[in-house]
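Residue-level structure breakdown
Single-letter residue listing:
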Amino acid sequence: MAEMTNFVHPAQQEYKPFKPGYFINSIIGLALIFGFGFLPAIEPLTPLGMKLLGIFLGMVYLFTVCDVTWPSIAAIIALGLSGYCTINEAIAASMGHPVVFQSIMAYLVTGAMQYYGVAEFVARWIISRKCFRGRPMVFTYAYFLAFTFVCIIINSVAMIFLGWTILYGVYRMTGYKRGDKYVTLSLIGLVLSFMMGGAVVPFRSWQYSLVMQYGEAAGIEINFAVFMAVGAIITFGTITLYTLAMKYVFKTDFSKLRDFDPQSLKSEYAHMNKRQTIVLVVNAVVIGVILLASIVPSSSFIYEFFNNTLSTAGIYGIGAIALCLIPLAK
C-alpha cells in the first residue's frame, strides 16, 4: 500500500537528463554507423565493406559506452540502407519477420503516449469543452469520438479501461445506476469506438500483418492514406449512427446529463509538459512521414526511399531511436 500511496504519474516524475558525454558518445557512434562508409575505401575493402565495417565499429562503440537497445535498432536500419541487404531482410535475419520488428517499434513509439499521459490528456481535453454542457447527446457523441481518436493514435487495451473509469465517474455524478439503458448502451458504444478506431491505422501491430497479407494475396499495393481516409469515414459514420440509434431507436434517457458539467473531467494539469509535447511531436512526425510516403507518386525518390528502402518498419525504428536520444524534459 505504501508503494501505491507514493505513486507518481510518469508524466510528472522527476526526469534526470543524460549527461552531455552520453550525447557526444551517441553522435560518435551514429557517425561510425552511418558515416564511416562514405570514407575512401581502404584496400582491400570495397565501399560496401567500409559501410559494414562502420556498422560493426559503431555498434561495438555504442554497446560499450552508451546502451544496447537503440544502437541495435540503428544497426538494423543502417544494414538495410547499406546495400548489403534490404531492411526487411536484415530484420528477417534477426527477428524472424518484419511485422514482428515493426510491431515492437510501433508499441515503443505509440506506447510512450500512454505511459507519459498524452493520450489521457488529449481525451480529457476533448470531452471537457464548455460547449457540451446542457447537450447530453452531443456530450455522449463527443465522448465516443474522443476515445475513437485516442485509439487511432494509440491502440491499447489500457485506453479502454481509462474510458470506462471516466465513464463510471460520470454515472456516479449524474445518478445513473447499473442496468439503466444509458449505462448499458454507453459502455457498448465506448467499446465500439475503440474497436472502430483501432482499425483505422493499417501500419501497426496485427492490422499491418493483415493488410500486408491481403495485399500479397490480391496482388495490389495498399495505399495507407486512402485506407485511413475510408476507414475514418466508416468509423465516424458508424459512431454517428450508433449515437442517433441510442436516442431514436433505443429511446435512451439522456436527461440526467443535462445539468452535468463536462469541465469536471478536465485533466488536473492545464497544459501538456515538455516531455508530453516531445512524445506527441515524434508520433506526429512518424505518422506524417508514413502517410506522405503513401500519397506521393510511385516514381518519385520519396516514395522509393520511404516505402522500399527504409520501409514503414524503419520509420518506426527511427522514431524509437529519437525517443531514446531526445531528452524528455519535464
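Now for a quick tour of the structure. Predicted model, so just to flag it, every value in this text is computed and none were measured. (Residues numbered from 1 in each chain as written. Predicted model: local features only at pLDDT ≥ 70, side-chain atom pairs only at ≥ 80, totals over all residues. Heavy atoms only, no water.)

Note that side chains of opposite charge can pair when their charged atoms are close. Considering all chains together, one arrives at three salt bridges under this definition. A salt bridge links Asp261 to Arg133; the shortest N-O distance between them is 3.9 Å. On the criterion of sequence distance, the pair formed by Asp261 in the loop between helix H12 (224–248) and helix H13 (274–295) and Arg133 in the loop between helix H7 (118–127) and helix H8 (136–153) is long-range, its members being 128 residues apart. Residue Asp261 is classed as partly exposed on the basis of its relative accessible area of 26%. Between Lys256 and Asp180 there is a salt bridge, with the nearest N and O atoms lying 3.9 Å from each other. In this pair, Lys256 is assigned in the loop between H12 and H13 and Asp180 in the loop between helix H9 (157–174) and helix H10 (181–198), connecting sequence segments 76 residues apart. (Salt bridge = Lys/Arg side-chain N within 4 Å of Asp/Glu carboxyl O. Helix = DSSP H or I, 4+ residues; strand = E, 2+ residues; numbered from the N terminus. Buried < 20%, exposed > 50% of the residue type's maximum accessible area, 1.4 Å probe, protein only.)

Next up on the list: helix H2 (residues 20–35). The terminal C-alpha atoms of H2 lie 22 Å apart, and with 16 residues this matches the ideal 22 Å at 1.5 Å per residue to within 8%. Those residues of H2 lying buried are Tyr22, Asn25, Ser26, Gly29 and Ile33. For H2, the arc enclosing every buried residue in end-on projection is 105 degrees, short of the 170-degree limit, so these residues lie on one face. Away from its buried face by more than 90 degrees, H2 exposes Pro20 and Ile27. Of the surrounding secondary structure, the elements contacted by the buried residues of H2 are helix H3 (47–65), helix H4 (69–81) and helix H14 (301–325). (Expected span 1.5 Å × (residues − 1). Arc of directions from axis to C-beta. Contact = heavy atoms within 4.5 Å.)

Here the focus is the nonpolar core. The biggest cluster of nonpolar side chains holds 84 residues, and the ones touching the most others in it are Phe139, Tyr143, Phe147, Phe203 and Tyr316. Among the elements that make up this core, the one with the highest residue count is H8 (ten residues). Structurally, this core is a two-domain feature, drawing no fewer than three residues from each of domain 1 (20–96) and domain 2 (99–325). Discounting residues that sit within four places of it in the chain, Phe139 has contacts with Ile127, Phe132, Val170, Leu257, Phe260, Pro262 and Leu265. (Core = buried A, V, L, I, M, F, W, Y, C linked by side-chain atoms within 4.5 Å. Domains from an automatic or database assignment.)

Let us look at the packing of H7 against H8. Two elements in contact, H7 and H8, have axes whose closest approach is 9 Å; the angle formed by their N-to-C orientations is 160 degrees. Here H8 runs roughly antiparallel to H7, going by the angle between their axes. Taken as a pair, H7 and H8 cross one another with a handedness that is right-handed. From H7, Ala119, Val122, Ala123, Ile126 and Ile127 reach across to H8, where they touch Phe139, Ala142, Tyr143, Ala146, Phe147, Phe149 and Val150. (Axes fitted to C-alpha atoms, helices over the stretch in contact; angles between N-to-C directions. Parallel < 35°, antiparallel > 145°, perpendicular 65-115°, else oblique. Left-handed = near helix turned anticlockwise from the far one by under 90°.)

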